[in-house]
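Commentary on secondary and tertiary structure
The primary structure of each chain is shown beneath.
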Amino acid sequence: MSVFDDPGHFGRMWADSYDSPGNPDPGPAVDFLAERAGDGRVLELAVGTGRVALPLAARGVPVDGVEASPEMVAKLRAKPGGDGMPVTVGDMADVPVTGPYRLVYLVFNTLFNLVRAERQQDCFRNVARVLAPGGEFVVEAFVPDAATFDRDEQVQMRSVTEDSATIRLHQYDRAAQTFVRQTVTFDRDGVHLEPFAMRYCWPEQIDELAHRAGLRLVARYADWHRHPFDDTSTSHISVYRR
């Protein structure tokens, strides 16, 4: 079995650095999600260290989480408010909770961490199962740009010091819509690998996943600030309703 089929792989690798500087400001996402949730119950899939869930809960929104990595959950628990948040350790594609929820959401391109097409479909199907009637599923994802694929497949130098060197390599499978990225560090202790993979989808393909699960697109924006989505948008916030 590939390491990428292990839902806890990403969390184990990045739990210690997940909250490092340079991550997106969660504020606009929290504002958007709080408004969509109203006074309903909310579920974050791949809740991670609670970057979005904890400030959303601090607004008085009842938030549950699903997270595959116990290491990520430990980081969440150590933060203010983290002790009391209900979090289920499990695969987000299985949505291992019962609901019903007014709102379920996936942020930071995390849908694409499911590297099998059938698991992405499972995720939508199981989200539909736990949504209340009229409930919504909010997905944040980048818009793939095929023009960048050839550029990304070049070897990239990340850092060089007198003690170490780090390079990054990408390989795309255009037919499968997947890529594997390997970050390789050479230092005095040997060779260190940080593998990462995604299965990317264009917005209309995500719409089809939703349609097959009994959900329909009701809104799409270019970002959390609700700027209009158009042909030049590099990301999207899509809202699907049961």
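Here, every reference points to the structure presented above.
The present account deals with the structure reproduced in this document.

Conventions we followed
Residues numbered from 1 in each chain as written. Predicted model: local features only at pLDDT ≥ 70, side-chain atom pairs only at ≥ 80, totals over all residues. Heavy atoms only, no water. Helix = DSSP H or I, 4+ residues; strand = E, 2+ residues; numbered from the N terminus. Buried < 20%, exposed > 50% of the residue type's maximum accessible area, 1.4 Å probe, protein only. Polar contact = N/O pair within 3.5 Å; in protein donor to acceptor, adjacent residues only side chain to side chain. Contact = heavy atoms within 4.5 Å. Pairing = 2+ DSSP bridges. Axes fitted to C-alpha atoms, helices over the stretch in contact; angles between N-to-C directions. Phe/Tyr/Trp six-rings, centres within 6.5 Å; stacked < 30°, edge-to-face > 60°.

Right, let's get into the side chain of T110. Note that T110 resides in the loop between β4 (101-106) and α5 (117-130). A relative accessible area of 10% means that T110 is categorised as buried. Engagement of the side chain of T110 in a polar contact is seen with the backbone oxygen of V107, the distance being 2.4 Å. Residues in contact with T110, not counting those within four places in the same chain, are A46 and M92.

Attention now moves to the sheet that holds strand β5 (residues 131-142). By definition, the strands of a sheet pair up through backbone hydrogen bonds, in either a parallel or an antiparallel sense. Spatial ordering of the open sheet is given by β3-β2-β1-β4-β5-β11-β10, a layout of seven strands whose pairing is mixed. Looking at strand neighbours, the two that pair on one side only are β3 (87-89) and β10 (216-221), the edges of this open sheet. Direction aside, the axes of adjacent strands within the sheet are offset by 20 degrees on average. Lying on the sheet, helix α4 (residues 70-77) is in contact with β2 (63-67) and β3; it crosses β3 at an angle near 160 degrees. Across the face of the sheet, helix α7 (residues 203-212) comes into contact with β5, β10 and β11 (235-241) while running at roughly 20 degrees to β11.

A word on the packing of aromatic side chains. Think of a pair of aromatic rings as described by two things: how far the centres are apart, and how the planes are tilted against each other in angle. Tallying each qualifying case throughout the model produces eleven aromatic pairs. Ring geometry for F124 and Y240: centres 6.0 Å apart, planes at 80 degrees, overall edge-to-face. With F124 in helix α5 and Y240 in strand β11, this residue pair connects regions lying 116 residues apart in the sequence. With relative accessibility at 0%, the residue F124 sits in the buried group. The interplanar angle of 20 degrees and the centroid separation of 4.3 Å between the aromatic rings of F149 and Y172 together place this pair among those described as stacked. Residue F149 is found in helix α6 (residues 149-152), and its partner Y172 is found in strand β7 (residues 164-173); the two are separated by 23 residues along the sequence. For F149, a relative accessible area of 7% translates into the label buried.

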